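# Observations on chain architecture
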Amino acid sequence: MILHDGNGYFSDERLGALPAGRTYQLWVLVGDPGSPTAISAGVLGPAPRLAAFRYKGQVLGFAVTDEQDPGVVKSQNQPVAVGKIV
């Protein structure tokens, strides 16, 4: 969820815990709806339950990827979860 002031909160208890050396990373999807750009909103850790983030601007949706710890600038991995704002 993202609020009008740019503060957002991520919660997903369905994501399984990752092994040592892996982390979930949250991405804000922006730009062209047909080919959105993913901007990192933060590293969530190996077993996220609730995380706060901040992003100001038009948001199309969100994605979560499984990355090598401590996270990446640009993911090469397919999302493990995606949510679109309609």
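Further up the page is the structure itself.
## Concerning the side chain of Q25
- Relative to the elements of secondary structure, Q25 occurs in strand β2 (residues 22-30).
- A distance of 2.9 Å separates a polar atom in the side chain of Q25 from a polar atom in the side chain of S40.
- Dropping the residues within four chain positions of it, Q25 is found in contact with S40, G42, V43, L44, A63, V64, T65, E67, G71 and V72.

## Let's talk about the packing of aromatic side chains
- What the rule picks out here adds up to 1 aromatic pair.
- Both rings, one in F53 and one in F62, keep their centres 5.6 Å apart while their planes meet at 65°; by these two values the pair is edge-to-face. Of the two residues, F53 and F62, both sit in the buried class.

## So, the nonpolar core
- Membership of the largest hydrophobic core comes to 14 residues, with the highest contact counts inside it found for F10, L26, L44 and V64.
- Those elements that place two or more of their residues in this core are β2, β3 (37-45), β4 (50-54) and β5 (61-68).
- Looking at this core element by element, the count peaks at 4 residues for β2.
- Once residues lying within four places of it in the same chain are set aside, the contact partners of V64 are F10, L15, Y24, Q25, L26, L44, P79, V80 and A81.

## Section: the pairing of β4
- Alternating positions in β4 separate cleanly, A51 and F53 being buried on one face and L50, A52 and R54 remaining unburied on the opposite face.
- Pairing between strand β1 (residues 7-11) and β4: 5 bridges, direction antiparallel. From the neighbouring strand, Y9 faces β4, where its bridge partner is A52.

Here is what the cut-offs are and how they apply
- Residues numbered from 1 in each chain as written.
- Predicted model: local features only at pLDDT ≥ 70, side-chain atom pairs only at ≥ 80, totals over all residues.
- Heavy atoms only, no water.
- Helix = DSSP H or I, 4+ residues; strand = E, 2+ residues; numbered from the N terminus.
- Polar contact = N/O pair within 3.5 Å; in protein donor to acceptor, adjacent residues only side chain to side chain.
- Contact = heavy atoms within 4.5 Å.
- Phe/Tyr/Trp six-rings, centres within 6.5 Å; stacked < 30°, edge-to-face > 60°.
- Buried < 20%, exposed > 50% of the residue type's maximum accessible area, 1.4 Å probe, protein only.
- Core = buried A, V, L, I, M, F, W, Y, C linked by side-chain atoms within 4.5 Å.
- Pairing = 2+ DSSP bridges.

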